[in-house]
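Tertiary structure, described
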Amino acid sequence: MKKISFILSILALVGLLGTSCTKKADIKGKTLNMAVSSQVKGMDPIYANDRYSSNEVARIYEGLLEYHYLKRPYTLVPNLAEAMPIVSKDGLTYTFKIKKGIMFQNDAAFPEGNGRELVAEDFVFSIKRLADPKLQGLGWWLLDGKITGLNEWRKKYTELPTVDYEEEVEGLKALDRYTLQFKLAKPFPQFLYALAMPFTFAVAKEAVAKYGNEFLNHPVGTGPFAIKDGVFKQTKKITYVKNPTFREKKFPCEASAKFEKEGLLADCGKKLPLVDRVIVNIIEEDQPRWLNFQKGKVEYVSVPKDNFDTVIPDAKNLSPEYLSKGIDLMVSPSLDVTYTAFNHDLKLFKDNVKLRQAMSLAYDVNTSNKLFYNNQAIPAQSVVPPGIAGHIENYVSPYRGNGSPEQLVQAKKLLAEAGYPEGKGLPEITYDCPSSTVTRQIGEYFKKQMAKIGINVKVTQNPWPELQKKITTRNVMAYGIAWGADYPDAENFLQLLYGPNKAPGANGSGYNNPELNRLFKVAAVMQDSPERTALYEKMNRIAAEEVPWIYGVHRQSFVLKHSWLKNFVNSDFDAGIAQYLNIDKKMKIEMVKKL
Amino acid sequence: MSLTSYVLRRLFYVIPVILGVCFLIFIIFSVVSPDPTISMLGKHATKAQVLELREALGLNKPLYIQYFDIVKSAFTFDFGRSWSTKQEIFEMIKQGAIPSMTITFPAFFLSVLLSVSISLFVAFYRGTFLDKGVVFVCVALMSISSLVYILVGQWFFAFKLGLFEISGYEEGFPDVVPYVLLPIIIIIILSVGPDVRFYRTVMLDEIYQDYVRTARSKGLSERKIMFKHVLKNAMVSIITYVVLRIPFLILGSLLIESFFGIPGLGGMTLKAVNSSDFPVIKAMAVLSGIATILFNVITDVLYVVVDPRVKLN
Amino acid sequence: MATNEQESKSLWHHAWDSLMSDRTTVIAMSIVLIYSVVALLSSTGLIVSDWSKEVGPSYAPPSSEFLFGLDIFGRSVFAKTVKATEIAMSVGLVTGILTVLIGVTLGSIAGYYGGKVDEVLVWFYTTVSSIPGIMLLISIAFIVGKGLLAVYLSLGLTSWTGLFRLIRGEFIRHKDREYVQAATAIGGGDFRKIFKHILPNVFHIVIINFSLQFQFAIKSEVILSYLGLGVQGVPSWGTMINDAKLELARGNWWQLAAATAAMMVVVLAFNILGDSLRDALDPKLKGK
């Protein structure tokens, strides 16, 4: 019996090994393979409040506006809308005309399975859904208090058992089949950005009615792709196929100068999408994601922090090994900022600007840039990142620590003036951060920096909800965190320091500066203009000099892509970019051999 | 007492255990753990929305009512939907169980075969250099962390040598094979060490029994003794050990699933625990409780079947 | 009674002799001893007190200058590995003691008293052991936060179940034995019987279990680090191995290798020790 079982085991293993060498059948058409690092929640736009989910939603659904793929600074252009809206003089009424002939994809939810034409009423329905109190849409914050009558509608139906979508909301009306009108309760200059965010994308009420609670697994949109077999499964691989009834949308023929120079207009005028299939692989761990890219299993990947030196040995050049394999590095600035926030509800930090300034001077951002971002990030002087109005070109904050000995002396002096010479009398400062290997290392680095002036720091890692809870219950002293832009407007950053936004709002530190608050209120209702930019810059300076936070860096995003992937442009708002990407099949076959 | 009434009585034990499991889970994840609404609402959580969401999730009800609801849903198997993904939990479990089991069951089956064979072999040659050598190798294998096997295995065998897929999962045989082969091998390596040691001990326990000496003095060949007597009597302990492991096979290995991109239950549970996704946590804990009891009973029944001397009690 | 004590003495004596006679066991014991001494020296700062000092460039590979290479902050991997011995040995020790305390106390009470007490304890044991491990592990962190305390408690509060079952089983077997009945006859109280009579006869299981728990705890610390429950501020083999998640794919293998090797040696030693202890102490194997 022993012999038999041994033989059986060996046969089984051989059999398994043998079948592992089966080659995949050749698939017709072009397939785009990508890897993302986080699970996707489902395909319902109103719940897509993280970047990963919203990117997936944007493959199938579309909105009134989108960001022009090839223009920087970020520019909004019409997508489902025929043109940019007509805005009333008081800035409160926005009227859109919807493009004609846009079809929802074919799905069993429609009579005989044929998708019908998109109409203005669909947006009314979709946005009401975002406001629907029974659904608890996670993107509601975007429109909360903004549209006339919508908050009242939501409040009314919070109490009642069922929600009436037929009831008219003053600020959200379809004037006729193709005309949509919004009325704002108060000026909201960032309103148009909201219409480019997946939360406000158009869904079909037939699909919602038919699939009910399972609607998040049966996306029915107007976009360039559809889910294979019509059903989204919660697996680690999502497959999309070209939407056969997608309207005639062409690859742009205009671009910012730098993109034009890079030859990105090669596919100008071609019908979108350019690939037939998109496969999204969800790979949470860095190692397998990176290894899969190196083997050519995915076309592009964002570079894990620690692989920099192998790939990018010096400043911006790829190591020769990767160049010979045709791998390209794309570096582009991110609209974000990393920082260490002080809890301003603590007397220790609230009234002691010198203490904060001292700590900021002691923090050597240049070494941290080298260690954690391979010197590619941009040391942050203040809260607004480069690339949007409000950022001050060439401004250097007087409290930007850069590791120089003079600054160390100044830091120690300020510390003494703050009442804690050489750190004496200062309690141990706790530093909370999210729990990942990288954030832990950043925390340890912070501790080392503070030790230089005699300040004791204790680093504690927390899972994300725990960190949020600590911030909300003010159970923190200092914490390390980052903020990425929701839309390309400095308001999105400055609101983090706006007093009334304190926890559980976006202003986690609880910073409250009456001057900054006043300026913010004024700027918040202004459209983009030189006057508003001046206000933004003024606030930015205050944010630098008052050191409500110790600023870290504005990160760059690094994407490595294979030579056969065409048209790739990195974007902070990359919802819906898959339709513009192209694959050179012949080149892929050739280059994969070299890998 | 009859087998049936014994089995029924043991199965009824599920009830107090589920009550206990629900209570423990409730204390840990509803009372003590961080607020789930915050991770759900993300960076834009406003006080108003947090309150609204808490209300919608039933978190503002008094504690004893919440506990009652939990118990009720546990017994009716009405697990509801995940708070973070809004998917139906029952579906999630169904979808996740298959990938998990695609790895754990073959690994389990093969490693049991392998381990039992090796330990028979080693018990046969007990005391010799071969015995000590094999035991040493097993123990050495056991002394390396599973994370190390995963990292090195993936990097070296899948990536450098290209023998297997780096990560991912395909449905259907044989497409799934290149994705699960390496995880299965790693699990086998991880199990062989402790298993062989355990089976070996059990078999040696039997070998030193009097009846074996008697059998030997009667002239039975060593081989026959191993198979006819030792193995058969060791079966009782082996079966207990093996069967009791089965519930854990369904859960899947957490680390393996994370690194190899397997969409299984292990990863699902970890995600739920990290985001305080209570309905999923509750579902997994309840199912785990039921599975434990179920397999305890199965083990006892198998005891009786294999060794009639054992009395139910 | 006199005979009983004499029996015990010669059992331990006998065990010690047989342990000492096996060369592998002696080596294993020496290794454990060496690691313990290193941990002690390191914790008092007599060695590697400057482990956190930056001694060279980030990620320098092993060379004649840097024995095991350097980590991301330019710190000596060798120094970190030695310093991490503290965490490993303390985790093993504290967890082992916790497991023994809880497992033996509950197990002996359950096995000895039987009846309702036993039922309640067995119910509690079944409940705890049927909940998936991760839930319990992470839940402890909710209460006590992260760090060493969380590691001690998570492991201690989840590993006692095996020992509980064993001890309870033994107590059930022993409590009706003659020597216990004899003790009752001469008026011995429960406490006395548990501690002075039964427990010594069952103690070999505790010792074997302790040594196995020790190594299990050291290995588990790696998983706890992965789950984000690891120690902060001081290096541990678990955090070093977890750092390899980011390092290995770019070819930096030395931190992983050092931590794995250091852990493997001591875990191996404990496993061998556990086996030898079982061979020496388990009365069932006396016939060898």
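Residues numbered from 1 in each chain as written. Chains lettered and ligands numbered in written order. Predicted model: local features only at pLDDT ≥ 70, side-chain atom pairs only at ≥ 80, totals over all residues.

**Focus on the overall build of chain C**
For chain C, the count of helices and strands is 10 helices and 0 strands. Secondary structure elements in chain C, listed N-terminal to C-terminal, are α-α-α-α-α-α-α-α-α-α. Projected onto its principal axes, the C-alpha positions of chain C cover 75 × 45 × 30 Å. Counting across all 288 residues of chain C, residues that qualify as buried make up 50%. Restricting the contact set of chain C to residue pairs at least 6 apart, pairs at least 24 apart contribute 68%. (Helix = DSSP H or I, 4+ residues; strand = E, 2+ residues; numbered from the N terminus. Buried ≥ 20, exposed ≤ 12 C-beta atoms within 10 Å, placed from the backbone. Contact = placed C-beta atoms within 7 Å.)

**Notes on the overall build of chain A**
Each helix and strand counted, chain A has 20 helices and 22 strands in total. The C-alpha radius of gyration of chain A comes to 26 Å, within 12% of the 25 Å expected for a compact globule of 595 residues. The C-alpha extent of chain A, read off along each of the three principal axes, is 75 × 75 × 60 Å. With 595 residues in all, chain A has 47% of them scored as buried. (Rg over C-alpha atoms; globule rule 2.2 N^0.38 Å.)

**Examining the interface of chain A and chain B**
Listed by partner, the interface residues are 47 residues for chain A and 52 residues for chain B. Of all the secondary structure elements, the ones that give two or more residues to the side of chain A that touches chain B are helix 1 (2–19), helix 8 (286–294) and helix 16 (464–472) of chain A. For the side of chain A that touches chain B, a count of residues per class yields 18 nonpolar, 18 polar and 11 charged. (Nonpolar A, V, L, I, M, F, W, Y, C, P; charged D, E, K, R; others polar.)

**A few points about the sheet that holds strand 17 (residues 478–484) of chain A**
Residue and element names in this part refer to chain A. Taking strand neighbours across the sheet as the criterion, the 5 strands line up as 16-15-17-13-18 in an open arrangement whose pairing is mixed. Two strands close off the open sheet at either side, each with one partner strand: strand 16 (457–462) and strand 18 (549–551). On average, adjacent strands in this sheet sit at an angle of 30 degrees to one another, irrespective of strand direction. Direction of pairing for strand 15 (residues 429–434) relative to strand 17: parallel, over a ladder of 2 bridges. Bridge pairing in strand 17 links Asp 432 to Tyr 479. Docked against the sheet, helix 16 engages strand 15, strand 16 and strand 17, running at close to 140 degrees with respect to strand 15. (Pairing = 2+ DSSP bridges. Axes fitted to C-alpha atoms, helices over the stretch in contact; angles between N-to-C directions.)

**A short note on the nonpolar core**
By size, the foremost hydrophobic cluster in this structure holds 330 residues, and its most contacted members are A:Leu494 and B:Ile281. Counting residues per element, this core draws most heavily on helix 9 (residues 177–207) of chain B, which supplies 18 residues. In this structure, A:Leu494 is in contact with A:Val383, A:Phe520, A:Tyr536 and A:Met539, ignoring residues within four places of it in sequence. (Core = buried A, V, L, I, M, F, W, Y, C linked by C-beta atoms within 7 Å.)

**Some remarks on the environment of A:Pro333**
When you line up the elements, A:Pro333 lands in strand 12 (residues 327–333). It is 21 Å that separates the C-alpha atoms of A:Pro333 and A:Trp549, two residues lying 216 residues apart in sequence.

**Observations concerning helix 9 (residues 237–247) of chain C**
Of all 11 residues that make up helix 9 of chain C, 11 are buried, and the element is covered over most of its length. Listed in full, the buried residues belonging to helix 9 of chain C are C:Trp237, C:Gly238, C:Thr239, C:Met240, C:Ile241, C:Asn242, C:Asp243, C:Ala244, C:Lys245, C:Leu246 and C:Glu247.

**With respect to unusual backbone geometry**
Residues and elements named next belong to chain A. Residues Arg 72 and Pro 73 are joined by a peptide bond in cis, for which omega reads 0 degrees. Along the polypeptide, Pro 73 turns up in the loop between strand 2 (65–67) and strand 3 (76–78). Between Leu 272 and Pro 273 the backbone carries a cis peptide bond, its omega angle lying at -5 degrees. A positive phi angle, close to 65 degrees, is found at Asn 394, a residue other than glycine.

**Thoughts on the packing of helix 7 (residues 178–185) of chain C against helix 8 (residues 190–226) of chain C**
Residue and element names in this part refer to chain C. At their nearest, the axes of helix 7 and helix 8 sit 10 Å apart, and the two run at 145 degrees to each other. Here helix 7 and helix 8 pass one another in a crossing that is right-handed. Contacts from Tyr 179, Val 180 and Ala 183 in helix 7 reach Lys 193, His 197 and Ile 198 in helix 8. Tallied by class, the residues present in the contact of helix 7 with helix 8 amount to 4 nonpolar, 1 polar and 1 charged. (Left-handed = near helix turned anticlockwise from the far one by under 90°.)

**Re the sheet that holds strand 7 (residues 179–183) of chain A**
All names here are of chain A. An order of 4-5-7-6 is seen for the 4 strands of this open sheet, with the pairing classed as antiparallel. Single-partner strands in this sheet number two, and they are strand 4 (86–87) and strand 6 (172–176). Contacts between helix 3 (residues 120–131) and the sheet are confined to strand 6 and strand 7, with strand 6 contributing the most and set at about 170 degrees to the helix.

**Some words on helix 8 (residues 146–160) of chain B**
Here helix 8 of chain B is 15 residues long and its end C-alpha atoms lie 20 Å apart, about the 21 Å a rise of 1.5 Å per residue gives. For helix 8 of chain B, the complete set of buried residues consists of B:Leu147, B:Val148, B:Ile150, B:Leu151, B:Gly153, B:Gln154, B:Trp155, B:Ala158 and B:Phe159. Against the buried residues of helix 8 of chain B lie helix 8 of chain A, helix 9 and helix 12 (254–260) of chain B together with helix 8, helix 9 and helix 10 (254–281) of chain C. Residue B:Gly162 follows helix 8 of chain B closely and has a positive phi angle near 65 degrees. (Expected span 1.5 Å × (residues − 1).)

**Concerning the environment of C:Val120**
Of note, C:Val120 is situated in helix 4 (residues 115–130). Judged by C-beta crowding, with 13 C-beta atoms within 10 Å, C:Val120 ranks as partly exposed.

**Re the pairing of strand 17 of chain A**
Working note: regular strand, side chains alternate between the two faces of the sheet. In this sheet, strand 17 of chain A lies alongside strand 13 (residues 336–342) of chain A in antiparallel orientation, the contact comprising 7 bridges. By the bridge assignment for strand 17 of chain A, A:Thr338 is matched with A:Ala482.

**Some thoughts on the pairing of strand 7 of chain A**
Residues and elements named next belong to chain A. Relative to strand 7, strand 5 (residues 93–97) runs antiparallel, the two sharing 5 bridges. By the bridge assignment for strand 7, Thr 93 is matched with Lys 183. Bridging between strand 6 and strand 7 involves 4 bridges; their strand directions are antiparallel. Directly across from Lys 173, in strand 7, lies its bridge partner Gln 181. Taking the residues between adjacent antiparallel strands as the criterion, strand 6 and strand 7 are bridged by 2 residues.

**Some thoughts on the confidence of the model for chain A**
Looking at chain A, the pLDDT average stands at 88 and 93% of residues meet or exceed 70. When the criterion is pLDDT under 50, residues 18–25 of chain A qualifies, and its contacts beyond four places in sequence or with other chains add up to 7 contacts. (pLDDT = per-residue confidence, 0-100.)

**What to know about the environment of B:Ile225**
Residues and elements named next belong to chain B. Along the polypeptide, Ile 225 turns up in helix 11 (residues 222–251). The class for Ile 225 is buried, based on 20 C-beta atoms found within 10 Å. When the C-alpha atoms of Ile 225 and Ile 185 are compared, they prove to be 32 Å apart, with 40 residues separating the residues in sequence. Residue contacts for Ile 225: discarding those within four places in its chain leaves Val 212, Ala 215, Arg 216, Leu 220 and Val 230.

**A short note on the packing of helix 9 of chain B against helix 11 of chain B**
All names here are of chain B. Contact geometry for helix 9 and helix 11: axes closest at 9 Å, N-to-C directions at 140 degrees. When the axes of helix 9 and helix 11 are compared, the pair comes out oblique. Crossing of helix 9 against helix 11: the hand is right-handed. Contact residues: Phe 198, Tyr 199, Val 202, Met 203, Glu 206 and Ile 207 in helix 9; Val 230, Asn 233, Ala 234, Ser 237, Ile 238 and Tyr 241 in helix 11. (Parallel < 35°, antiparallel > 145°, perpendicular 65-115°, else oblique.)

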